[in-house]
Structure formats: structure tokens, C-alpha cells
Amino acid sequence: MIRKIAPLALSLALLGGCALSSHPRIADLKYNPGRYQNHTVTVDGVVTSSWGVPLMPVKLYKVDDGTGEVTVIAQDGRVPSKGAHVSVKGRVNEFATFGGQSLGLHLRQEHIKFKSR
């Protein structure tokens, strides 16, 4: 009985490791945008720039995790300030693909958590 279960357990463990990471590096998002398109992921990093206008529903900021930088679009809440350490959960989207290059790769923020340094 154990000899039959062991290969099954090993197979399930290996398949689990092949699943999409919900915590990829930003470089992975940029180099494989189609793999993450419309998937929810979490990225950790430092805010390098932010933009928001009072009374405007859309706010933008960029997060760098050391492997790359991604734009985050937020619909609510305040925009994190430059230098803030954040963990952002959001859905990966891109505006278009041209010549194999992703144009407008971004995360649509679902949740943000501010981290202490």
C-alpha cells in the first residue's frame, strides 16, 4: 500500500512546485508577462515614485524589488510616498504587446501593506 502512495505523493509535490508563484520577482513579471496575465500576485519592494491628484480616482506609483520596477494602479486609499517599503497584492495586466515586448505592464492594486524597514 505504501509503495503505491509514495509515487503519488511525490508526483503531487513536484506538480505543486511547478505552479505559478503568487510572489514572483518583478523581473519574472516583465520577462514572462503572458504567464502572469490576469493572475493575482504579491510584490515586495520600495516605492520609487508616486503620483496622485486629490479627487482623481486613479493613483499611480512604482515599486522596485531590486530585480526591476513595476507600475501599480490604485483606485482607492492614499498613494505611498517615495521610499516607502510596501507589499502590494494586485492583478497583473498589460495594455498591449508589440514585437514580443509588453507595453504598459502594471499591477491593479487589490491590497497594500506598509512594511517597517
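A brief report on the enclosed structure follows. (Residues numbered from 1 in each chain as written. Predicted model: local features only at pLDDT ≥ 70, side-chain atom pairs only at ≥ 80, totals over all residues. Heavy atoms only, no water.)

Describing unusual backbone geometry
Right, so step 1: The residue Asn 38 is not glycine, and still its phi comes out positive at about 65 degrees.
Right, so step 2: Mapping Asn 38 onto the fold places it in the loop between helix H3 (33–36) and strand E1 (40–51). (Helix = DSSP H or I, 4+ residues; strand = E, 2+ residues; numbered from the N terminus.)

Some words on the environment of Ser 116
Right, so step 1: Assignment of secondary structure puts Ser 116 in the segment after strand E7 (106–115).
Right, so step 2: For Ser 116, a relative accessible area of 72% corresponds to the exposed category.
Right, so step 3: Along the backbone, Ser 116 and Ala 84 are 32 residues apart, and their C-alpha atoms lie at a distance of 8.6 Å. (Buried < 20%, exposed > 50% of the residue type's maximum accessible area, 1.4 Å probe, protein only.)

Brief notes about the pairing of E7
Right, so step 1: Looking at chain direction, strand E3 (residues 69–74) and E7 are connected through three bridges and run parallel. Paired with Val 72 across the two strands is Leu 107, which belongs to E7.
Right, so step 2: Of the strand pairs in this sheet, strand E4 (residues 85–93) and E7 are connected by nine bridges, and their pairing is antiparallel. Its bridge partner being in E7, Ser 87 is matched across the sheet by Lys 113. (Pairing = 2+ DSSP bridges.)

Some details on the pattern of salt bridges
Right, so step 1: For the structure on display, the rule yields two salt bridges.
Right, so step 2: Between Arg 25 and Asp 28 there is a salt bridge, and its shortest N-O distance comes to 2.9 Å.
Right, so step 3: With its nearest N and O atoms 3.7 Å apart, the salt bridge here joins Asp 44 to Lys 115. Placement of Asp 44 in strand E1 and of Lys 115 in strand E7 is noted, with a sequence separation of 71 residues between them.
Right, so step 4: We classify Asp 44 as partly exposed; its relative accessible area is 25%.
Right, so step 5: You can call Lys 115 partly exposed: its relative accessible area is 39%. (Salt bridge = Lys/Arg side-chain N within 4 Å of Asp/Glu carboxyl O.)

Some points on the nonpolar core
Right, so step 1: Among the nonpolar cores identified, the biggest contains 18 residues, and Leu 29, Tyr 61, Val 63, Val 86, Val 88, Val 92 and Leu 107 are the most heavily contacted of them.
Right, so step 2: Elements supplying a minimum of two residues to this core: helix H2 (26–31), E1, strand E2 (59–64), E3, E4 and E7.
Right, so step 3: Those residues in contact with Val 88 that lie beyond four places of it in its chain are Val 41, Thr 42, Val 43, Tyr 61, Val 63, Val 72, Leu 107, Gln 109, His 111 and Ile 112. (Core = buried A, V, L, I, M, F, W, Y, C linked by side-chain atoms within 4.5 Å. Contact = heavy atoms within 4.5 Å.)

Overview of the sheet that holds E1
Right, so step 1: Read around the closed barrel, five strands run E1-E2-E3-E7-E4, paired in mixed fashion. The mean angle between the axes of side-by-side strands here comes to 55 degrees, regardless of whether they run parallel or antiparallel.
Right, so step 2: Note that E1 and E2 share five bridges and pair antiparallel. Within the sheet, the bridge partner assigned to Trp 51 lies in E2 and is Leu 60. (Axes fitted to C-alpha atoms, helices over the stretch in contact; angles between N-to-C directions.)

Thoughts on the side chain of Gln 109
Right, so step 1: Tracing the backbone through its elements, the reader meets Gln 109 in strand E7.
Right, so step 2: Side chain to side chain, Gln 109 and Tyr 61 meet in a polar contact 2.5 Å long. (Polar contact = N/O pair within 3.5 Å; in protein donor to acceptor, adjacent residues only side chain to side chain.)

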